[in-house]
Every structure is written in C-alpha cells, then in structure tokens.
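Secondary and tertiary structure notes
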Amino acid sequence: AQSVTQLDSHVSVSEGTPVLLRCNYSSSYSPSLFWYVQHPNKGLQLLLKYTSAATLVKGINGFEAEFKKSETSFHLTKPSAHMSDAAEYFCVVSAFRGTSYGKLTFGQGTILTVHP
Amino acid sequence: DARVTQTPRHKVTEMGQEVTMRCQPILGHNTVFWYRQTMMQGLELLAYFRNRAPLDDSGMPKDRFSAEMPDATLATLKIQPSEPRDSAVYFCASGPRGVDTEAFFGQGTRLTVV
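From a predicted model like this one, the values you see are computed outputs, not experimental measurements. (Residues numbered from 1 in each chain as written. Chains lettered and ligands numbered in written order. Predicted model: local features only at pLDDT ≥ 70, side-chain atom pairs only at ≥ 80, totals over all residues. Heavy atoms only, no water.)

Within chain A, the regular secondary structure consists of zero helices and twelve strands. Counted from the first residue to the last, chain A has its helices and strands arranged as β-β-β-β-β-β-β-β-β-β-β-β. In summary, chain A has a C-alpha radius of gyration of 14 Å against a globular reference of 13 Å for 116 residues, a match within 12%. Seen along its three principal axes, the alpha-carbon backbone of chain A occupies a region of about 45 × 30 × 20 Å. Counting across all 116 residues of chain A, residues that qualify as buried make up 44%. Contacts in chain A between residues far apart in sequence, at least 24 positions, make up 56% of those at least 6 positions apart. Of the roughly 5600 Å² that chain A leaves accessible, carbon and sulfur atoms contribute 52%. Averaging the coordinates of the 9 positive side-chain charges in chain A and doing the same for the 7 negative ones gives two points 11 Å apart. (Helix = DSSP H or I, 4+ residues; strand = E, 2+ residues; numbered from the N terminus. Rg over C-alpha atoms; globule rule 2.2 N^0.38 Å. Buried < 20%, exposed > 50% of the residue type's maximum accessible area, 1.4 Å probe, protein only. Contact = heavy atoms within 4.5 Å. Areas by Shrake-Rupley, 256 points an atom, 1.4 Å probe, with all protein chains shown as cover. Lys, Arg positive; Asp, Glu negative; His and termini not counted. Charge placed at Lys NZ, Arg CZ, Asp CG, Glu CD.)

In structure tokens, the structure reads:
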C-alpha cells in the first residue's frame, strides 16, 4: 500500500520569500516520488521527480525537493517565490511492485498563495 | 509536441443521459490513467490501464461508470446514467513503461450534469 500526506492545505507567502510545501509518504517499497503543479483551470504539469538517484532533486522554475528516507518526507522548496508560482501543488507516490506497478497516488494538494 | 488529447473539453448534459469522454494517449505510452477532480474529494483515481488491460478500477462506481481501451490510441470513460454528483473535471494521463516515469496529463474534460 502507498499513500502521501500533504501537511498543509494552504500556504501563503510574500513575493521574494522562501516557499516550503510539506509532503510525507508511506510505501511498502522504495518509492518514486513526484511533485505536480496545477494552475487555475489548467491540467497538471510535472515539476520534478525522485527515482532513487540523488536525494536532492531539482525541477523546473527554481523548485527543488529533498528525499529523506528516515523522515519519509519529500518536501518541496523554492528560495524566492514569484507571483506566477501561485497554484495548487500535488505530491505523488508511485508503486514499485505488483499489479499496481506504476500507479500514481496523489496527495490532497496544497494551494500556494503569493502576495505582492 | 507530443501531448495527451481529451475530448470534449466541456460537456453539459442532463441527468440520466449517457456521457462519453475520450482520450488519445501519447503515441508509444503503454499506461493510461483516468482521474476525477472535485473540490471536495481532490484527485481520485478512477481507472488504470497497462497495455490496454485494466489493472485497477476500484475507484470507479461500477454501476454507472465504465472505462475501456478499444485500441492503443484511444481510451474512453462512459457514464450511464449520469447524475449531478458526477459533475467534475475528468483527467486522462498517459505514461511510458517504468515506475520512475511520470504521467503526462491532458487538459481535462469539465463535465456538468444538470
């Protein structure tokens, strides 16, 4: 079984300040983990992915995430928020074994608001 | 520029009518997902195919929903009969082989059942 928990449903930051979106995962096997972003009335776009290589993963638009096995976490960060970062962000885990191999399980999402 | 194509983009229908949503996955992808997104439930996995075979449709109400892949270039999601509570955005996504490969999402079908 696998699951993800996004610890904050809403995060609000000022433009130019750091962003931290928190995600904890549960997986029976070593997981693959992803962050997706969804802008209003749009589809979902991949920000970055972790696939058991480097634990610090860099993605698009200045985002990065660090895989911490001991904490079962995969938090998303950005040093300086931009107005265009306002969107909903999803943490996703992928199954590694069995008939659910490759199945993507989404967290509940975190809405990021960026103030001028 | 390869992308997942969903049709229609918007659908308004009356309760009790049949609704068919279509998805063209990216050529060469062997995994197809159907998700439903609502404000209350977030993103829910409805069905999941690999090589056109259904692997997991446990999230789909069986009495009214059905999902199929008639061929590798087409996935369909049908609701019969539709109900107001089915109003949502339905996303199709496809992915290449492998657990560490991401899924690519279509733009979604916004369904309104009145």
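Here the narrative resumes.
Residues Trp-35, Leu-48, Phe-74, Leu-76 and Tyr-89 of chain A are the most contacted members of the largest nonpolar core, which totals 26 residues. Considering each element in turn, this core owes the most residues, four residues, to strand β10 (residues 87-94) of chain A. Ranked by size, the runner-up nonpolar core spans 22 residues in total, among them Ala-47, Met-60, Leu-77 and Leu-111 of chain B. (Core = buried A, V, L, I, M, F, W, Y, C linked by side-chain atoms within 4.5 Å.)

Before going further, it helps to examine the packing of aromatic side chains. This structure, assessed with the given rule, holds 14 aromatic pairs over all chains. Ring centres 6.5 Å apart and planes at 45 degrees place the aromatic pair Phe-34 of chain A and Tyr-36 of chain A in the tilted group. Judged by relative accessible area, Phe-34 of chain A falls into the buried class, the value being 0%. A relative accessible area of 0% means that Tyr-36 of chain A is categorised as buried. Each ring, one from Phe-91 of chain B and one from Phe-105 of chain B, has its centre 6.3 Å from the other, and the planes form 75 degrees; the classification is edge-to-face. Placement of Phe-91 of chain B in strand β9 (residues 88-95) and of Phe-105 of chain B in strand β10 (residues 104-105) is noted, with a sequence separation of 14 residues between them. The same class applies to Phe-91 of chain B as to Phe-105 of chain B, namely buried. Here the aromatic cluster, defined as three or more aromatic residues joined through ring pairs, consists of Phe-34, Tyr-36, Phe-90 and Phe-106 of chain A together with Phe-33, Tyr-35, Tyr-48, Phe-91 and Phe-105 of chain B. (Phe/Tyr/Trp six-rings, centres within 6.5 Å; stacked < 30°, edge-to-face > 60°.)

Below, the discussion takes up the state of the cysteines. Evaluated as defined, the whole model comprises two disulfides over all chains. Sulfur-sulfur distance for the disulfide between Cys-23 of chain A and Cys-91 of chain A comes to 2.0 Å. On the sign convention where negative is left-handed, the bridge of Cys-23 of chain A and Cys-91 of chain A, at about -70 degrees about the S-S bond, is left-handed. Taken together, the positions of Cys-23 of chain A in strand β4 (residues 23-27) and Cys-91 of chain A in strand β10 put the pair 68 residues apart, joining distant regions of the chain. A relative accessible area of 0% means that Cys-23 of chain A is categorised as buried. In this model, Cys-23 of chain B is linked to Cys-92 of chain B through a disulfide, with the two sulfur atoms separated by 1.9 Å. With the S-S bond torsion at -65 degrees, the cross-link from Cys-23 of chain B to Cys-92 of chain B turns out left-handed. Of the two residues, Cys-23 of chain B is situated in strand β3 (residues 19-24) and Cys-92 of chain B in strand β9; the sequence distance between them amounts to 69 residues. Classification of Cys-92 of chain B as buried rests on a relative accessible area of 0%. (Disulfide = S-S within 2.5 Å.)

In this section: the pattern of salt bridges. All names here are of chain B. Enumeration according to the criterion identifies ten salt bridges over all chains in this entry. Arg-64 serves as the salt-bridge partner of Asp-86, at 2.6 Å between the closest nitrogen and oxygen. Here Asp-86 is found in the loop between β8 (74-79) and β9, whereas its partner Arg-64 is found in the loop between β6 (53-56) and β7 (65-71), with 22 residues between them in sequence. The same class applies to Asp-86 and to Arg-64, which are both buried. Where salt bridges share partners, they join Arg-64, Glu-83, Arg-85 and Asp-86 into one cluster. (Salt bridge = Lys/Arg side-chain N within 4 Å of Asp/Glu carboxyl O.)

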